[in-house]
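Coordinate inspection notes
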Amino acid sequence: MVKEAQRAVEIELLSDAFEENRIPHMIMKGYVIKDLYPQPYQRSMGDIDILVGQNISKASEVTLNHGFKFHGEAFLHDIFVKGDSLYVELHNSLIDESLTDLYDYFGIGFDKAEPKSGFKYKFELSKEDFYIFLVAHMAKHYKISGTGIRSVCDIYIYNSHYKNELDYEYISSELSKIGLK
């Protein structure tokens, strides 16, 4: 619980720094969904995923200035670490371009996003589009290397939490477009 609280403070400070530096960004995946679990620490995470798109150089500079150290480079993201346990991945896109149906649908990732209330540069997906992303992300893992119970749990928790708010007709229509209905 202490680690979760420290992680939350650090990520909010980093997000605020991105906002101050006019860097469009969107915190994704586990970090968003963890608050829907009965206790946030029940949703394990190895890292925090932040979409920065084409602003990866500027976002990397801000991240380094915020006390993180460059840890490495991967296919779609750069990895930074603070201390011995806080890993942040700055992503240039939500989905690998080789998964053409999904990449064409989501674009880099900001196409379906809107600025979060009270912010200009902190973005979020609608509840429906985030649900579609969860399904697409699970499908990506399944296709490339397999997926586990955490992806299933995330979708279950998300669906249970928002079941009375989600537009299932839209979700069904959009999942059909990308072959995931």
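We now turn to the structure provided with this report.

Conventions used here
Residues numbered from 1 in each chain as written. Predicted model: local features only at pLDDT ≥ 70, side-chain atom pairs only at ≥ 80, totals over all residues. Heavy atoms only, no water. Salt bridge = Lys/Arg side-chain N within 4 Å of Asp/Glu carboxyl O. Helix = DSSP H or I, 4+ residues; strand = E, 2+ residues; numbered from the N terminus. Buried < 20%, exposed > 50% of the residue type's maximum accessible area, 1.4 Å probe, protein only. Arc of directions from axis to C-beta. Contact = heavy atoms within 4.5 Å.

Let's shift gears to the pattern of salt bridges. Counting across every chain of the model gives seven salt bridges. With a closest N to O distance of 3.6 Å, K29 and D49 form a salt bridge. Of this pair, K29 sits in the loop between strand 1 (26–28) and helix 2 (30–33) while D49 is found in strand 2 (residues 48–51), placing the two residues 20 residues apart along the sequence. For the pair K29 and D49, one class covers both residues: buried.

Listing the buried residues of helix 3 (residues 56–65) in full gives I56, A59, S60, V62 and T63. End-on view of helix 3: buried residues confined to an arc of 165°, all on one side of the axis. Those residues of helix 3 that are exposed and aimed more than 90 degrees away from the buried face are S57, E61 and N65. Turning to helix 3, the residues buried within the fold contact helix 1 (2–20), strand 4 (77–82) and strand 5 (86–91).

Such coordinate-based values are descriptive only and should not be taken to indicate function.
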